[in-house]
Amino acid sequence: MSYRAVILFASLLLGGACMVIAHLAGDLEERRLAADLDQQALRLKTAFDVLQIELQHEMVSIADLLASDQDVRRLLAEAAAAVQAEGGGRGGERAAQVRETLRRRIAPQWETLHQEIGLQQIHVHLAPETTSFLRMRAPEAFGDALRRSRQLIPDVQRDGQRRSGFEIGPSYAGVRGVVPVWAPGSESGVLIGSLEVGVSFAGHVERLSGQTGVGYGVLLNQEAVVETMLETYHPPQVTGGLRGDYLLAASRPELADWLAHSRMPDYAGTYRVTRLDWQGQLFQVIRFPLRDYLGQLDAARPPVGSIIIWHNVSEPWRKLKHLRQQINGFSLAGYLVAQSLLLGVLFLLRREWQRQLDAQTADLIQLATTDALTGLFNRRYFLEQLTQQLMRLSRLHEPCALLMVDLDFFKRVNDTYGHATGDRVLQHFTAVARGALRKIDLIGRIGGEEFAVLLPGVNGQGALDAAERLRQAVADTVLKTEEDAIPITVSVGMTLLDGADRGPDAALQRADAALYQAKSAGRNRVGIALPKQPGRLPGA
Ligand SMILES: Nc1nc2c(ncn2[C@@H]2O[C@H](COP(=O)(O)OP(=O)(O)OP(=O)(O)O)[C@@H](O)[C@H]2O)c(=O)[nH]1
C-alpha cells in the first residue's frame, strides 16, 4: 500500500471514528433528556391522579357532612313517605312541598360550596328506586330513576357504603361522592336514600396547572357524552367524527387550538408521551385514559375520555441541539488534532523508513561496487567507470589515463608470511595508493594483486608523473609486521584512453602490455603503451 493510500485510509478511519463518537455522544445525551422527560411525565400524571383521589375524598366528606344533618334526614324521610303515598316516581303535591323545604334547607351550603370550591351539584335520591328527588343545580328536574345511568347511586343504596368516582351524568360530568342517608334515629339501620355532591374538573385543573406550571385538560368521548348527558349540558365538541371529543376542561388555550387544527398526536387509548411542534415551540404531550367509576371497577370497560397534560420543552431541546453542536465541534477539533498527530507520526516513520532504506541501498551499492578486503572499487564497477570515461572522452574530449598496477613478487610474500599477511600487504598498498593519488582518481582492484587506476583529466606527462609518484610512494614504505618489515614495490603500466577505443578492453590491453614491459624490465618501474595514433606521445 502506498504512503498516500495509508494516509487516506488512516484519515478516513479517524474521521469515521470521530463522527461515530460524536453521533453516539449526541444520542446518549438525547436519550438522557428523553428519559428525564419521561420521568417528569410520570410525575405529572401522578399529580393528576392524586388530585382526582383528593377530590373524591373531598366530595365524600362534604356529602357526609350534609347527609348527617338531622333536618336533611328528617325531610328525606318525609319525602320518601310522601312519594310513596303519592304513587312513587315524581310524587305529588306533598312531595313537592317537602322538596322545596329541603331545597331551602340546603340552599345556603349549596351557594357557598358552589362559589367557593366550584361544587357542581348536590343531588338527593330516594331508595330503593334511586329516584332523583332534588337537584340543587336544577331543582325543576326530578323524579327520574338513576339506576341505569349512574352506577354509583344504586351501589351505595344497595349496601349503604360510601363511594366516589368520576361519572358522566345527565347534567354534568365530574368527580362525585355518594353517601347513604339513614332514617332519623336508625343509624345504619333503615336506608331512605342517598346524597351526592360532585365537582367538575375545570377549576381544579386550573389550580393544578398553577401549581405545576403545565397544562392540564380533560376530554370526553363522544359515545359516553351522547349516551348519558342531556344535550343542553354537553361540553363543547372539539373534534368531529363518530368518536369525536368533547372538551370538558383545559387549563390553557393550546389544547383547544391543537384539537381544532387536528394536531393532536395519535392516541390509542393507553398512556402515551409524544412531542408536538406548535408555532415554533416544542411541547411534550402526555395522554392517558380517563376511567369512570365503573371503569375503575372493571378495567375491561372502555375509558370515557382522556386526560392530557402538556408542557413546553423547547428550552431543553434547544440546549440539547446546542450540546450536539458543541460535541460535533469538539469532535472536529479532536479529529484535526489527531489527524495532525497521525500525519506527524507517519511523516517521522516515513523519514525513518527512508533513512533505513537509503542506508540499506548504500550498503547494497557498497557491496555491489567495492571489494571487501581493500574497500576499493571492484572489477565490474571499475570497468563500468572505464567505459563511461571512454564515452566522455569521445563526446567531450576529456583526456584520461589508465594505470595498471601489480604488486611485485607478491606470491613470495604469501609464501613467506602467510596469506593473512598477504592480505595486509594488499590493504597497505591501498592506503598508500590513496595517499599518493588525487581524490578524483578512481582506484579499482581488478584481480588478486592487480589494481587499475583511472586518472581523469590527465594526459601524457601528467599520467606518467602520477604513475611514478605512486610507484615511488609504495617503494618508499614498508609494511611492519610483528615478524618483519616487508618491503613492497609495484610495477605500473600506463596508457592513455583513446577516442578510437571501441570498449575498455583495448585500453586494458595496452595498460597490460605496458605493465608487462615494466615487469620484464625488472619490476618497480613504470611501463608505457600509448595508443597508436599521432599526437598521443607522452607529454603531448
Ligand atoms: N594474500 C592474498 N593473496 C592473493 C590474493 N589474491 C591473489 N593472491 C596471490 O597473489 C599471488 C600472485 O602471484 P603471481 O601471479 O605469481 O605474481 P607475483 O608473485 O606477484 O609475481 P610477479 O607479478 O611476476 O612479480 C598468488 O600467490 C595468489 O595466491 C588475495 O586476495 N590475498
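Parameters at a glance
Think of each chain on its own: its residues are numbered from 1, step by step along the sequence as written. Since the coordinates come from a predicted model, pLDDT governs what is reported: local features require at least 70, and pairs of side-chain atoms require 80 or more to be given and counted, while whole-chain, interface and lining totals use all residues. Excluding hydrogens and water, the side-chain values take into account all heavy atoms of the structure. UniProt positions are given in the numbering used here, feature names are shortened, and annotations may be inferred rather than shown by experiment. The pairing criterion is simple: DSSP has to find at least two bridges between the two strands. Secondary structure elements follow DSSP: runs of H or I no shorter than four residues count as helices, runs of E no shorter than two count as strands, and numbering proceeds from the N terminus. In this analysis, axes come from line fits to C-alpha atoms, helices being fitted only over the stretch in contact, and the angle between any two N-to-C directions falls in the range 0 to 180 degrees. Any two residues whose heavy atoms approach within 4.5 Å at even a single point are treated as in contact. Cavities and pockets were defined on a 1 Å grid built over protein atoms only: a cavity is a set of grid points that admits a 1.4 Å probe from which the probe cannot escape, a pocket is an open set flanked by protein on both sides within 12 Å along at least five of seven lines, and lining residues are those with an atom within 4 Å of any such point. Grid points are joined across faces, edges and corners, and a volume is the space filled by probe spheres set on the points. Side-chain classes follow a simple rule in which Ala, Val, Leu, Ile, Met, Phe, Trp, Tyr, Cys and Pro form the nonpolar group, Asp, Glu, Lys and Arg form the charged group, and the remainder, Gly included, forms the polar group.

By the naming in an unreviewed UniProt entry, the protein is diguanylate cyclase, taken from Thiobaca trueperi. Per UniProt, the protein carries the Catalytic activity (unreviewed entry) text "2 GTP = 3',3'-c-di-GMP + 2 diphosphate". Per UniProt, the protein has the following entry under Cofactor (unreviewed entry): "Mg(2+)".

Student: Before we go on, may I ask you to explain the sheet that holds strand E6 (residues 215-221) in this structure?
Tutor: Each strand in a sheet pairs with its neighbour through backbone hydrogen bonds, running either in the same direction (parallel) or in the opposite one (antiparallel). Read across the sheet, five strands follow the order E7-E6-E10-E9-E8 without closing on themselves; strand pairing throughout is antiparallel. The sheet is open, and its two borders are formed by strand E7 (245-250) and strand E8 (272-278), each paired with just one other strand. Strand-to-strand twist in this sheet, taken as the mean axis angle between neighbours without regard to direction, amounts to 30 degrees. Examined bridge by bridge, strand E9 (residues 281-290) and strand E10 (residues 305-312) share eight bridges and lie antiparallel to one another. From the neighbouring strand, Ile286 faces E10, where its bridge partner is Ile309. Sheet strands in contact with helix H1 (residues 3-67) are E6, E8, E9 and E10, and its direction is about 45 degrees off that of E9. Across the sheet, helix H5 (residues 202-212) touches E6 and E7, and the angle it forms with E6 is around 150 degrees.

Student: Teacher, can you tell me more about the layout of surface pockets here?
Tutor: Over the atoms, a rolled probe matching the size of one water molecule traces out where space is still vacant. Of the volumes computed, that of the largest pocket is approximately 780 Å³. Along the wall of the largest pocket there are 34 residues; nearest its centre are Asn221, Ala224, Pro303, Val304 and Gly305. Counting only elements with at least two residues in the lining of the largest pocket, the list comes to strand E3 (163-168), helix H6 (222-228), helix H7 (254-260) and E10. Sorting elements by how many residues they give to the lining of the largest pocket places H6 first, with four residues. Within the lining of the largest pocket, the residues separate by chemical class into twelve nonpolar, eleven polar and eleven charged.

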